[in-house]
Structures are given as structure tokens and as C-alpha cells.
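Observations on the model geometry
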Amino acid sequence: MEKYMFIFKGGFYEDSNLSPDEVQGKMGQWYKWVQDLQEKNIYSGGEPLLKGGKIVKKNGNKFSVTDGPFPESKELVGGYFVISAKDINEATEIAKNYPDFDLNGSVEVRQVMKIDM
Amino acid sequence: MHSSDKDKSSQIVEHLFRREAGRMTSVLTRVFGIENIELAEDVVQDTLLKALQQWPFTGIPDNPSAWLFKTAKNKAIDELRHNRLNKKYSEEISELFNSEWTLTGVIKEFFSENEIKDDQLRMIFTCCHPDLPPESQIALSLKNLCGFSIKEIAKAFLTNEITITKRLSRAKDKIKEGSIKFEIPAGSELEKRIKNVQSTLYLLFNEGYNSGKQDILIRTDLINEAIRLAELLIEHPITEIGNYRAEIYALLALMYFHYARNPARTDDNGNILLLKNQDWNLWDKKLIVKGIEYLERSATGNKLSEYHLQAGISYFYVTAENFEKIEWGKILNLYNLLYEMNSSAIIGLNRAIVISQMNGAEAAIDEIKNLSFEQLENYYLYYSTLGELYLQTGNLPEAKKYFEKAIQMTDSEPEKKLLRTKLEKLNHMH
């Protein structure tokens, strides 16, 4: 088994005017997905990320800290999962259960490098 | 969503968020003041989104409602802490700030169970204020009390979101002018205002019951919301005064009797069925029993309201064994009383239909000719009823004329279809 990171992009609820009924529906879908992965023992963790934040860079000896990131909102990272799968194909299949495709969200699936200790 | 035993999300009641959104909006509106109702709406939305983002990871709390209210309360405290010096909130809360109370203490009081009940009632009276146009009252109620989105309200009214947005913002502008207060009216004002709430709830109910609306799910939602809000009125001590409660019981009985007949009103293809063609076994017995229970409770006090009479009429329909066993005489007696109380032409028309069952179509046509045409001119049932009655007398050209006019006058596809079928049959008879 390999580890994969799902990077969730876009699909921000703040922009989509969901009704209380729709919010409840979404909550149920996410809850079910997490629980499903946990039951299969392939869920290592994950969290949603808040909007905004800072970008830290260093030029020579000088740090620069700016507000951001402000990419197009459909590219903005909104959260991540780490899951286990046999290979990238299986991981991709799992990613298809992401509940927010209908809000223009997408999932970037990336393999986590194994570190030999 | 498929739910298994293990799936705890299925333990959350359907429409919980919608319902709690209404309750939270009421409390927060009281805290922030009616002028800041949008702020209340934003806090509610933030609260629900927080649940959406946390519960999948933390698990669903044992008491979801308590979690939501606690979160909303903390958000309200944050808001007041940050902005209380430069923003105007409700007078009530501003006064409390100047006293010995701490902010947290004040807010905690506002979020007690009894206060929440009062606030919901305040919200009902605000949304159903007679200074607002009736369609705005319904839209506002659905938004603020029932947690519907603009999109969902538009769907319920078979209209677009722009129309509903306009309706809501006009209502909100009116509220912000200051004449509409967020309060439970008292004294002589109360009677007038409770009457208006009742008629708005009945309109809301009819919006859902009206067969012209295609979407079954949203129709049932509206029916349930109208009933739920009427039951909220019943549960509040304010309706113990006078005969209010008896009248609301009658309204509820009427709603339940109609609701019980709902599954039988259309066939599998959504075509409307006439009463005599309906499968009476499909009527929901549980709802009928509930209606009868409410009707019995409505029989207190000495005042007979229109709702009492209408519920009484419905009672004789839903408790008849079949169409042939309907006791038309008893129904006509009630219609006579109703017509005395409110001689609207629409009630007169319905009364005439009962007369046709007892004394024949000719007698009914004579009754209808005495009604005010002005009130019936735009009412398609006026034309379809006359079409039906003329058909019964054998006057086919007149029948045809009225059916054609009725088709023109209704927007409802199922109604049009029913009328066209009748016209076709009629053309064969020619």
C-alpha cells in the first residue's frame, strides 16, 4: 500500500449560497465518506483549511511576508486527506467520491514519497 | 444518501439544519435588532458551515441542536464584543450592556429555551405583518422561519430568484423603516395580528396544496411548514387568551383534512381526479384522526370562525364512506353559515356545487348567476364549474364555451389536461 494525498481545490461554500438543507446534505456526504475510509482502514487523516493566510519568502537575508495566497478561487486549496491505496488508479477511484464536484471543486491526487529510515 | 445502522448522520433528523436555521435566526434577530436581520442570517450561515466543516472529522455531536446554538451564541458574542461600540443593536440589548451584566451573561439569557420560543413567535408576527403584501409575508416566513433559500422559495412559487429577491428586499426595506417591530403584539392589536398570521399560514398551506405546483417534494414541505408554524402558535401561552387557540385548532383541523386527501387527488400521471373518481382508500387515515382531534379541541369558546365552518365541511367529506354517502345536507348547512359570515363569491360558488348535488344543476346555475361576476371573472373554477353544470343539463354549446374559457384561465398543466379531456368527451357527444 502507498500513501496518497488528496488536495481539495475550489468548491468554497462561502461563495455558493447553500441553503440549510443543502448544507445538511453536504455534511452527510462528507461524514459518510470519512467514515467509509476509516472503516476500510485506509484513512490517515485530513483537515479543511481556512481561507486567507500568509506567504513567506526569503530573498538573500530578508524575509518577505505577504498576505495570500490569492489564486483564482477554483485553484485555492481548501483541505486535504491522506489515504492509503494500492496504486494511483485505486487512489483516483477513491477521489471520485469527493462531494464537492458540483461546486466546481476538484481533487489533486499525489503520491506521498516513502522515506526509508 | 444511503444510510446504514453505523451511519450516524442518518440519526440527524431530516431538515434539522433548516429548522434550526429558523430558530437561530429568530434569536439572533432579537439580539442584533430587526434592522440587522441580515447580520443574523450571516451568523446562522457561518454556524451551519462550521458544522459542515467539522462534523465529518470530529463526529456528529450527541446533541446537534445544542452544538449549533452554542456555536451561534459564541459567534454572536464575538460580533458584539468587536462592534458594540460602533454599531447600533437592539435597544433591549444596548440597555443591558449599560447595566451590571456581563456580555456573556446577557447573551446566555437570550438563548434560553423559553426565550427562543418567544423569539420565534416575534418572528412569526414580524414576517406576517399586515403592512407587508401577502406574497412578501409568505416569502419572508419561508426565509426567516423555515430556513428556505431564495432558490427554494422561487421553486415553491414557480417563479425566478430575481422576483423573490425583490419581494424579500422590499419587505426588508419596509421593516427597516421602523414601523414593524420585532415583538409579540399585545392588547387590542393582538386579535388583528393573530388573524393575519392565520390567513398567511393558510395561504402558505394553499401554496403547497395547490395542485398547479408540479414538484411534490416542495409542495409537501410547504404543507408541513404551514402546519408546523400553526402548531408553534398553539404551543405558546399567548394563544390562551380569548378564543385564539380554538380558532387555530380549527385551522389546523382544516389543514389536516385537506392534507389527508392529498395522495388521492391525482393519478399516477399527475392528472387531477375529481372527488367522485378518487380512490378514497388512499386518504391518509392518520392525518384524518389528527384533524378530528384538532376539530374536537376547536369546539371551545362561543365564537364560530370561518375556519371552524370550513373544517366542519371538510370533516363531512373525509369521514364519508364513499362519494354516495356524503351528507350533502349537513355540508350545505355549514356553507349557508359560512356564506352568511363571508359572502364572497368564491364561497358562493362552492356552495352552489353542493346545491347541484342536492337539487340538480339547474338550481346551481341559478345560484351562480346571482353571484358577483366581478369577483369571479378571473377565477378559472368559475368557468369550469359552469361548464360542468351545463354539461349536466345537456346544454352542450354552453358547456363547451365555459370549458374553453376555463382552459384559457388556468396556468396549471394538470388542470388544463383535465379540462381538455372533458372537452373531447363533449365533442364526441355532439
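Figured I'd write up the structure that's included with this text. All figures in this text were calculated on a predicted structure; none of them were measured in a lab.

Thresholds, definitions, all that
Residues numbered from 1 in each chain as written. Chains lettered and ligands numbered in written order. Predicted model: local features only at pLDDT ≥ 70, side-chain atom pairs only at ≥ 80, totals over all residues. Heavy atoms only, no water. Pairing = 2+ DSSP bridges. Helix = DSSP H or I, 4+ residues; strand = E, 2+ residues; numbered from the N terminus. Axes fitted to C-alpha atoms, helices over the stretch in contact; angles between N-to-C directions. Contact = heavy atoms within 4.5 Å. Core = buried A, V, L, I, M, F, W, Y, C linked by side-chain atoms within 4.5 Å. Buried < 20%, exposed > 50% of the residue type's maximum accessible area, 1.4 Å probe, protein only. Disulfide = S-S within 2.5 Å. Buried area = accessible area lost by both parts, 1.4 Å probe. Salt bridge = Lys/Arg side-chain N within 4 Å of Asp/Glu carboxyl O.

Some points on the sheet that holds strand S6 (residues 106-111) of chain A
In sheet architecture, strand pairing relies on hydrogen bonds along the backbone and comes in two forms, parallel and antiparallel. Spatially, 4 strands are ordered S2-S5-S1-S6 (chain A) in an open sheet, and the strand pairing comes out antiparallel. Looking at strand neighbours, the two that pair on one side only are strand S2 (43-48) and S6 of chain A, the edges of this open sheet. In this sheet, neighbouring strand axes are inclined to one another by 15° on average, regardless of whether the strands run parallel or antiparallel. Of the pairings in the sheet, the one linking strand S1 (residues 2-9) of chain A to strand S5 (residues 77-85) of chain A comprises 8 bridges and is antiparallel in character. Among the inter-strand pairings, tyrosine 4 of chain A is bridged to a residue of S5 of chain A, identified as isoleucine 83 of chain A. Sheet strands in contact with helix H2 (residues 88-95) of chain A are S1, S5 and S6 of chain A, and its direction is about 130° off that of S5 of chain A. Taken strand by strand, helix H2 (residues 37-58) of chain B contacts S2 and S5 of chain A, and its axis lies near 165° from that of S2 of chain A.

Here's the deal with the nonpolar core
Residues and elements named next belong to chain B. One finds Leu142, Leu252, Ile326 and Ile331 to be the most contacted residues of the largest nonpolar core, which totals 85 residues. For this core, the element with the highest residue contribution is helix H12 (residues 244-261), accounting for 13 residues. Among residues more than four places away in sequence, those in contact with leucine 252 are Ile227, Ala230, Glu231, Ile234 and Tyr294. Core analysis: the next-biggest nonpolar cluster, separate from the first, contains 57 residues, Leu16, Ile60, Leu103 and Ile116 among them.

Here we look at the state of the cysteines
All names here are of chain B. Applying the stated criterion across every chain yields a total of 0 disulfides over all chains. Of all cysteine sulfurs in the structure, the one in cysteine 128 sits closest to cysteine 127, which takes part in no disulfide; the separation is 6.3 Å. Using a relative accessible area of 1% as the deciding quantity, one classes cysteine 127 as buried. Overall, cysteine 128 belongs to the buried group, its relative accessible area being 1%.

Quick word on the pairing of S5 of chain A
Residue and element names in this part refer to chain A. Among the 9 residues of S5, 7 are classified as buried, and the element is accordingly described as predominantly covered. Pairing of S2 with S5, which is carried by 5 bridges, proceeds in the antiparallel orientation. Residue pairing across strands places proline 48 opposite glycine 79, the latter belonging to S5.

Quick look at the interface of chain B and chain A
The interface is formed by 29 residues belonging to chain B together with 25 residues belonging to chain A. With both chains or domains summed, chain B and chain A bury close to 2,200 Å², and 67% of this area falls on carbon and sulfur atoms. Of all residues in chain B, Leu52, Pro56 and Phe57 of chain B bury the most surface against chain A, accounting for 28% of the area lost on that side. For the salt bridge of aspartate 21 of chain A with arginine 18 of chain B, the shortest nitrogen-to-oxygen distance reads 2.9 Å.

Everything listed here is a matter of geometry and, on its own, says nothing about what the molecule does.
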